[in-house]
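# Overview (structure and organization)
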Amino acid sequence: WATAQPLGGEGGANAFGTLVVLHDATREHLARQAGNDFVAHVSHELKSPLNVIGMYGEMLEDAGDDPTLRVEAINVIRDEVERMTSLVNNLLNVSKLEMGNMRPERHRVKLDELLRDAYQQAATRADAAGIALTLDVPRDIGAVAIDKDMFRISLNNLLNNAIKYNAAGGSVTLSAQEDDTDVVISVRDSGIGMAPEDQARVLEKFYRVRETGPAQRGGHGLGLYLANQIIELHHGRLTLKSELGRGSVFSIHLKKMPELVEGANVL
Ligand code: ADP
């Protein structure tokens, strides 16, 4: 826009000028709107768990020695605290990312160890949800140069989704393969899958697929956005194959460390 030439003649230049003002005003309006939507969205997402915690806190007070009531209240409070913690952590990470403060410190990481850790962390959650979790990673798979802590966020978000958007009796597999230059880490699930129009948008910030039916799952539409941004900061790629009602496969494609690629110069 800044370098565009007037369209020729007085009238043309004026018309162009008007258009620029309108364009800027629209952008400002949209930005303000997005800001308001964001504050409304986050306030709502934080307020509802707080209400629940408040209610169950009172119930705990009234429960006296009744063990069933106490256990129920404690479980609900713990779940809601977990939900809030996950939202706040995701928001902190998104703001870090958007302010340019998320810079990966890349070190040589043995992929099988990293994936085994992620698998073990997800195992309890999978167990509780009645999902069979499998790990399929060759012990001698190549190393990668990544920021372990940041990368864990991506892996956990993919694994948590594969468990969450699934049903008891379903399965999730965490696997990895390599060729001469790349490694591919995949999280495959037998869950609810996604329609093509949703697949095209799930990496957008705050995008959630509209759910119908009784099993509505909570979430904030930040997990995949963050997972993808972190993978891109590592010069990798996140791809998705999915079929509605049959399941999804999210794959992270990463370059192997140069010294491990046949024929490449040692660093
Ligand atoms: P959240 O789960 O907090 O809503 P995400 O960014 O992690 O946010 O995911 C965005 C949306 O993509 C989810 O709301 C869900 O509709 C869909 N989705 C993510 N992972 C899966 C999956 N493994 N299977 C089916 N749908 C998924």
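Residues numbered from 1 in each chain as written. Predicted model: local features only at pLDDT ≥ 70, side-chain atom pairs only at ≥ 80, totals over all residues. Heavy atoms only, no water.

Under the annotation held in an unreviewed UniProt entry, the chain carries the name histidine kinase and is attributed to Massilia phyllostachyos.

Near the ligand you find 20 residues, and of these Asn161, Tyr165, Arg208, His220 and Leu224 are the closest. Note that an oxygen atom of the ligand is positioned 2.9 Å from one of the backbone N or O atoms of Leu224. Its free accessible area being 530 Å², the ligand has 97% of it covered by the protein chains. Here the shell around the ligand takes three residues from helix H4 (residues 148-164), the largest share from any one element. Each residue belonging to the shell around the ligand can be placed in one class, and the counts come to ten nonpolar, seven polar and three charged. (Near = heavy atom within 4 Å. Polar contact = N/O pair within 3.5 Å; in protein donor to acceptor, adjacent residues only side chain to side chain. Areas by Shrake-Rupley, 256 points an atom, 1.4 Å probe, with all protein chains shown as cover. Helix = DSSP H or I, 4+ residues; strand = E, 2+ residues; numbered from the N terminus. Nonpolar A, V, L, I, M, F, W, Y, C, P; charged D, E, K, R; others polar.)

Taking 1.5 Å as the rise per residue, helix H2 (residues 67-98) with 32 residues should run 46 Å; its terminal C-alpha atoms sit 46 Å apart, in good agreement. Buried within H2 are the following residues: Ala73, Val76, Ile77, Glu80, Met84, Leu87, Asn90, Leu91, Asn93, Val94 and Leu97. At the exit of H2 stands Gly100, carrying a positive phi of roughly 75°. (Expected span 1.5 Å × (residues − 1). Buried < 20%, exposed > 50% of the residue type's maximum accessible area, 1.4 Å probe, protein only.)

The next thing to look at is the packing of H4 against helix H6 (residues 223-233). Following both chains from N to C, one finds H4 and H6 inclined at 140°, their axes separated by 9 Å at the closest point. At the point where H4 passes H6, the crossing takes the left-handed sense. Of the residues in H6, those in contact with Met150, Phe151, Ile153, Ser154, Asn157, Leu158 and Asn161 of H4 are Gly223, Leu224, Leu226, Ala227, Ile230, Ile231 and Leu233. Along the lines of polarity and charge, the residues of the contact of H4 with H6 split into ten nonpolar, four polar and no charged. (Axes fitted to C-alpha atoms, helices over the stretch in contact; angles between N-to-C directions. Left-handed = near helix turned anticlockwise from the far one by under 90°. Contact = heavy atoms within 4.5 Å.)

This part is about H4. Over its 17 residues, H4 runs 24 Å from end to end, which matches the ideal 24 Å to within 8%, given 1.5 Å per residue. Turning to H4, its buried residues number three or more, namely Met150, Phe151, Ile153, Ser154, Leu155, Asn157, Leu158, Leu159, Asn161, Ala162 and Ile163. By the N-cap criterion, in which a side-chain oxygen at the helix start approaches the backbone nitrogen of a residue two or three places on, H4 is capped by Asp147, the distance to Asp149 being 3.2 Å.

What follows is about the confidence of the model for the chain. On average, residues of the chain score 85 in pLDDT, and 84% of them are at 70 or above. Per-element mean pLDDT across the chain ranges from 74 in helix H1 (residues 9-62) up to 98 in strand E2 (residues 132-136). In this model, residues 1-13 is a region of pLDDT below 50 whose contacts with residues beyond four sequence positions or in other chains number seven contacts. Predicted confidence for residues 260-267 stays below pLDDT 50, and this span has twelve contacts to residues more than four positions away or in other chains. We note a pTM of 0.78 for the whole complex and an ipTM of 0.99 for its interfaces. (pLDDT = per-residue confidence, 0-100.)

Bridging between E2 and strand E4 (residues 171-178) involves five bridges; their strand directions are parallel. The residue of E4 that forms the bridge with Ala132 is Ser171. Across seven bridges, E4 lies against strand E5 (residues 182-189) in antiparallel orientation. Looking at E5, one finds that Ala176 is bridged to Ile185. Counting the residues between successive antiparallel strands, the hairpin from E4 to E5 contains three residues. (Pairing = 2+ DSSP bridges.)

Looking now at the environment of Ala40. Note on placement: Ala40 falls in helix H1. On the accessibility criterion, Ala40 (49% relative accessible area) is partly exposed. Through-space distance from the C-alpha of Ala40 to that of Phe250 is 31 Å; in sequence the pair is 210 residues apart.

With that settled, consider unusual backbone geometry. The backbone of Phe206 shows a phi angle near 70°, a positive value even though the residue is not glycine. Within the secondary structure, Phe206 sits in the loop between helix H5 (196-199) and H6. For His235, which is not a glycine, the phi torsion comes out positive at approximately 60°. Tracing the chain through its elements places His235 in the loop between H6 and strand E6 (237-243).

The interhelical angle for the contact between H2 and H6, taken along N-to-C directions, is 40°, at an axis separation of 10 Å. As judged from the angle between their axes, H2 and H6 are oblique. At the point where H2 passes H6, the crossing takes the left-handed sense. Across the interface between the two elements, Asn90, Asn93, Val94, Leu97 and Glu98 from H2 touch Gly223, Tyr225, Leu226, Gln229 and Leu233 from H6. (Parallel < 35°, antiparallel > 145°, perpendicular 65-115°, else oblique.)

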